[in-house]
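Notes for the structure review
If you want the building blocks of each chain, they are given just below.
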Amino acid sequence: YNARPFSKQLASAVKISDSQVKVIKKVLAKVCTQCDLRHAEVLYPAPTGMVVTKASWSAGPPEEDFHARSTEFMFPMQVGIPGRVWMHRHMEWHPDVSSLPAHKYLRKEIATDARLKGCVAVPFEPQVDDVDGSGTSHILVFIFYTDRVLAGGDDVDAVVSAFEAAKIEIVGMHQDPNISSTELDAVSESEEVEEESAKEVEVLSSILKVACMECNFPYAE
């Protein structure tokens, strides 16, 4: 482990078509506008965790920069809010991610730069047909950010309710016969073979990263 963000090695494995990104961005914009939010993003499963996709919505340049820098990160299961929501399949929120130590919120520095504070993370599990016609789950994690401290209660409920009302458009996207189901595959067969060898390395790197951040070590191997 070196004291820098995770490699983008797995980010290129994420495949969401332009038509799907357009639908998802419309949903993100609707929720953010309704709830006065500053940024929203969607994370998608790679072989060893969640990576940030190109489907996002930003209120301005600072939030756009946050999204661009977020593509440097990967979130294994139980590491960070995206990893926990992905693993446990339930909503999670935090009043102010910028107040967390870096080993608990890996993107603390870039969130602080973008003035992002409260966040609400919601899992979404559409069912799509794979090539042979069976149902395949693709867990998406939607995260919504505000520039104020969230008090919980009504603030969080409003975001969740807005998303629940808007996500019907995403469900319709997956049921559209004009969209190929293979477009949702996170990794192609050939990529899976190549990335399997890197899987253990990525998991070990995440362990070393947490240990270094907790003990303030710059390097581990």
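Shown above is the structure to which this text applies.
Given the structure is predicted, the values throughout are model-derived calculations rather than measurements.

Parameters at a glance
- Residues numbered from 1 in each chain as written.
- Predicted model: local features only at pLDDT ≥ 70, side-chain atom pairs only at ≥ 80, totals over all residues.
- Heavy atoms only, no water.
- Core = buried A, V, L, I, M, F, W, Y, C linked by side-chain atoms within 4.5 Å.
- Buried < 20%, exposed > 50% of the residue type's maximum accessible area, 1.4 Å probe, protein only.
- Helix = DSSP H or I, 4+ residues; strand = E, 2+ residues; numbered from the N terminus.
- Contact = heavy atoms within 4.5 Å.
- Expected span 1.5 Å × (residues − 1).
- Arc of directions from axis to C-beta.
- Salt bridge = Lys/Arg side-chain N within 4 Å of Asp/Glu carboxyl O.

**Some details on the nonpolar core**
Membership of the largest hydrophobic core comes to 25 residues, with the highest contact counts inside it found for Val31, Phe142, Phe144 and Phe163. Of the residues forming this core, the biggest block, seven residues, is contributed by helix H1 (residues 18–35). Sequence-distant contacts of Phe163, defined by excluding residues within four places in its chain, comprise Val31, Val122, Phe124, Phe142, Phe144 and Ile170.

**A closer look at H1**
Relative to the 26 Å expected for 18 residues at 1.5 Å per residue, H1 spans 26 Å between its end C-alpha atoms, a close match to the ideal helical length. Within the span of H1, buried status applies to Gln20, Val21, Ile24, Val27, Leu28, Val31, Cys32 and Cys35. All buried residues of H1 fall inside an arc of 130° around its axis, so they share one side. Those residues of H1 that are exposed and angled more than 90 degrees off the buried face are Asp18, Lys22, Lys26, Thr33 and Gln34.

**As for the environment of Ser56**
In this fold, Ser56 is placed in strand S2 (residues 49–58). Judged by relative accessible area, Ser56 falls into the buried class, the value being 12%. When the C-alpha atoms of Ser56 and Val27 are compared, they prove to be 9.7 Å apart, with 29 residues separating the residues in sequence. Each residue touching Ser56, except ones within four places of it in the same chain, is listed here: Lys25, Leu28, His39, Ala40, Glu41 and His67.

**Considerations on unusual backbone geometry**
You will see that Arg89, though not glycine, has its phi angle at about 60°, which is positive. Looking at the element boundaries, Arg89 is found in the loop between helix H3 (80–88) and strand S4 (92–94). Phi at Arg115 takes a positive value of approximately 60°, unusual for a residue other than glycine.

**Some details on helix H2 (residues 61–70)**
Residues three or four positions apart in an α-helix share a direction because the helix packs 3.6 residues into each turn. Taken together, the buried positions of H2 are Glu63, Phe66, His67 and Ser70. The arc that holds the buried residues of H2, viewed along the axis, is 95°, so those residues lie on one side. At its buried positions, H2 is contacted by strand S1 (39–46), S2, helix H4 (108–113) and strand S8 (140–145).

**Let's talk about the pattern of salt bridges**
When the charged atoms of two side chains with opposite charge come close together, those side chains can pair. Under the criterion given, the structure shown has six salt bridges. Of the charged contacts in the structure, one is a salt bridge between Glu41 and Arg107, with a shortest N-O distance of 2.7 Å. On the criterion of sequence distance, the pair formed by Glu41 in strand S1 and Arg107 in the loop between S4 and H4 is long-range, its members being 66 residues apart. The partner of Arg69 in a salt bridge is Asp65, and the shortest N-O contact between them spans 3.4 Å. Pair noted here: Arg69 and Asp65 are both in helix H2, with a separation of four residues, about one helical turn. Exposure remark for Arg69: the relative accessible area of 27% places this residue in the partly exposed category. Exposure remark for Asp65: the relative accessible area of 37% places this residue in the partly exposed category. The structure contains a network of salt bridges with shared partners spanning Asp65, Arg69 and Asp113.

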